[in-house]
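Geometric and topological summary
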Amino acid sequence: MTGSASGSRLGVVGLGRMALALLLPLIEAGLVPSAGVSAVVASRASAERLAQAHGLQVGTDPATAWAAPVVLLAVKPQQLEAAAAAAPAGGSGLLISVLAGVTLERLQGLFPGWRCVRAVPNTPSLVRCGLTGLALAPDVRTEEGAWVRRLFDQVGEVHELPETQLDAFLALTSSGPGFVALLAEALADGAVAAGLPRQLAHHLTHRTLAGTAALLEAKALHPGQLKDMVSSPAGTTMAGLRQLERAGVRSALIEAVVAAAERSRELA
Ligand SMILES: NC(=O)C1=CN([C@@H]2O[C@H](COP(=O)(O)OP(=O)(O)OC[C@H]3O[C@@H](n4cnc5c(N)ncnc54)[C@H](O)[C@@H]3O)[C@@H](O)[C@H]2O)C=CC1
Ligand SMILES: O=C(O)[C@@H]1CCC=N1
């Protein structure tokens, strides 16, 4: 383990959407050398496509990825048993799993000898606006822990949490982009229904979401304060808010986050 990500060889088991959202910005920033990455995926066709698209070494032989001192495990939770069965016995490196719900205890059981990190990243990492929750097994070395924190720090913000909080963290930050994207699509549809051209409606939606988040953060506002700031008596915002409350949108969002956290716990 070296002081910087650029000194390490990295094995990647499962080069899908999440692994790419982490790796591509790190490679682009020169923090992980593309020549040092050995990735494996499930099918030869996708290995060839990914190798060509991203200039990475991608194959289907698990041994190539597991030979690295650090392995990023990014298969689906349902693909974990198959991936573990293909890992050679007698490993002794650092394993960083991003699998939803899969606990450190389960990882340690499936990958004996590996020092395990459970990471909960999100797809905005692709544009270096990510959030990552981290829990480290007690045997992870101090310098390895520091290296992992720095790695994820390069693609956004890192939060080290008790492992029991990672399912809720994932529900908000990793599934959250899906919930917000649904809101964005619906808001833009509303703007089109009200008369704006489609492309402009999407652009304005994104700017509204980004501006709202920036204002909440910069002025440390409670969301309720901002809602009240834009709601005049008998005004347009109250007309819209009444519809949202009538439709149960507030409760639906609460239940969406709770359901995602419960599903994460089930996947363990
Ligand atoms: N997509 C997201 O926003 C987030 C995903 N995660 C976690 O990341 C993991 C990956 O998710 P996605 O990237 O969305 O899935 P994906 O389906 O895009 O990627 C999975 C990859 O694993 C490969 N794969 C399947 N079986 C394999 C095996 N036995 N050996 C090697 N490679 C194998 C597939 O070919 C594919 O490249 C999941 O465990 C998910 O819970 C965590 C946080 C956010
Ligand atoms: O739903 C999924 O499979 C992943 C896990 C967290 C966000 N998306």
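So, a few notes on the structure that sits alongside this text.

A look at the packing of aromatic side chains
Enumeration according to the criterion identifies two aromatic pairs in this entry. When the ring of Trp66 is compared with that of Trp114, the centres are 5.2 Å apart and the planes differ by 70 degrees; the resulting orientation is edge-to-face. With Trp66 in helix 3 (residues 62-66) and Trp114 in the loop between helix 5 (104-110) and strand 6 (115-120), the pair connects residues that are 48 residues apart, well separated along the chain. Grouping residues by exposure puts Trp66 and Trp114 together as buried. Three or more aromatic residues joined by ring pairs make a cluster, and in this case those are Trp66, Phe111 and Trp114.

Description of the pattern of salt bridges
One pass over the full model with this rule turns up ten salt bridges. Salt-bridge contacts for Glu160 lead to Arg149; the nearest nitrogen and oxygen are separated by 2.5 Å. Remark: Arg149 occurs in helix 6 (residues 142-153) and Glu160 occurs in strand 8 (residues 156-160); sequence separation between them is eleven residues. We classify Glu160 as partly exposed; its relative accessible area is 42%. The partner of Lys227 in a salt bridge is Asp228, with the nearest N and O atoms 2.9 Å apart. Here Lys227 falls in the partly exposed class, since its relative accessible area comes to 34%.

Points about the sheet that holds strand 3 (residues 57-59)
Reading across the sheet, the eight strands line up as 3-2-1-4-5-6-7-8 and stay open at both edges, with mixed pairing between neighbours. Of all strands in the sheet, those bounded by a partner on one side alone are strand 3 and strand 8. Across this sheet, the average inter-strand angle for adjacent strands is 20 degrees, counted without regard to direction. Inspection of the sheet shows strand 2 (residues 37-40) paired to strand 3 by three bridges, in the parallel sense. Bridge pairing in strand 3 places Ser38 opposite Gln57. On the sheet, helix 7 (residues 166-173) packs against strand 6, strand 7 (130-136) and strand 8 and is oriented at approximately 170 degrees with respect to strand 7.

Quick word on helix 1 (residues 17-28)
Structural remark: α-helix, 3.6 residues per turn; residues separated by three or four positions point the same way. The end-to-end C-alpha separation of helix 1 is 16 Å, in line with the 16 Å expected for twelve residues at 1.5 Å each. Burial in helix 1 covers these residues: Met18, Ala19, Leu20, Ala21, Leu22, Leu23, Pro25 and Leu26. Elements in contact with the buried residues of helix 1: strand 1 (10-13), strand 2, helix 2 (44-54), strand 4 (70-73) and helix 6. Phi for Gly30, located one or two positions after helix 1, is positive at around 80 degrees.

Thoughts on helix 2
Burial in helix 2 covers these residues: Ser46, Ala47 and Leu50. Along the axis of helix 2, the buried positions cluster into a sector of 105 degrees, meaning they face one direction only. Opposite its buried face, helix 2 presents the exposed residues Arg44, Ala45, Glu48, Arg49 and Gln52, each directed more than 90 degrees away. If you follow the buried residues of helix 2, they end up packed against helix 1 and strand 3. Just beyond helix 2, the residue with positive phi is Gly55, at close to 60 degrees.

Focus: the site of ligand 1
Around ligand 1 sit 21 residues in total, of which Arg17, Met18, Ala42, Val75 and Ala100 are the nearest. Residue Met18 places a main-chain N or O atom 2.8 Å away from an oxygen atom belonging to ligand 1. Here Val75 contributes a backbone N or O atom positioned 2.6 Å from an oxygen atom of ligand 1. Protein chains shield 82% of the accessible area of ligand 1, which is 830 Å² for the free molecule. Judged by the fraction of its atoms near the pocket grid, ligand 1 is located in the second largest pocket. When its residues are assigned to classes, the shell around ligand 1 shows 14 nonpolar, five polar and two charged.

Thoughts on the packing of helix 8 (residues 176-193) against helix 9 (residues 198-218)
Direction vectors running N to C along helix 8 and helix 9 enclose 135 degrees, while the axes themselves pass 9 Å from each other. Judged by the inter-axis angle, helix 8 sits oblique to helix 9. Considering the relative orientation of helix 8 and helix 9, their crossing is right-handed. Along the contact surface, helix 8 presents Val180, Ala184, Leu187, Ala188, Asp189, Ala191 and Val192, while helix 9 presents Arg198, Ala201, His202, Thr205 and Leu209. Split into classes, the residues belonging to the contact of helix 8 with helix 9 amount to eight nonpolar, two polar and two charged.

What counts, and at which threshold
- Residues numbered from 1 in each chain as written.
- Chains lettered and ligands numbered in written order.
- Predicted model: local features only at pLDDT ≥ 70, side-chain atom pairs only at ≥ 80, totals over all residues.
- Heavy atoms only, no water.
- Phe/Tyr/Trp six-rings, centres within 6.5 Å; stacked < 30°, edge-to-face > 60°.
- Helix = DSSP H or I, 4+ residues; strand = E, 2+ residues; numbered from the N terminus.
- Buried < 20%, exposed > 50% of the residue type's maximum accessible area, 1.4 Å probe, protein only.
- Salt bridge = Lys/Arg side-chain N within 4 Å of Asp/Glu carboxyl O.
- Pairing = 2+ DSSP bridges.
- Axes fitted to C-alpha atoms, helices over the stretch in contact; angles between N-to-C directions.
- Contact = heavy atoms within 4.5 Å.
- Expected span 1.5 Å × (residues − 1).
- Arc of directions from axis to C-beta.
- Near = heavy atom within 4 Å.
- Polar contact = N/O pair within 3.5 Å; in protein donor to acceptor, adjacent residues only side chain to side chain.
- Areas by Shrake-Rupley, 256 points an atom, 1.4 Å probe, with all protein chains shown as cover.
- 1 Å grid on protein atoms, 1.4 Å probe; cavity = no way out; pocket = protein on both sides within 12 Å on 5 of 7 lines; lining within 4 Å.
- Sits in = over half its atoms within 2 Å of the grid points.
- Nonpolar A, V, L, I, M, F, W, Y, C, P; charged D, E, K, R; others polar.
- Parallel < 35°, antiparallel > 145°, perpendicular 65-115°, else oblique.
- Left-handed = near helix turned anticlockwise from the far one by under 90°.

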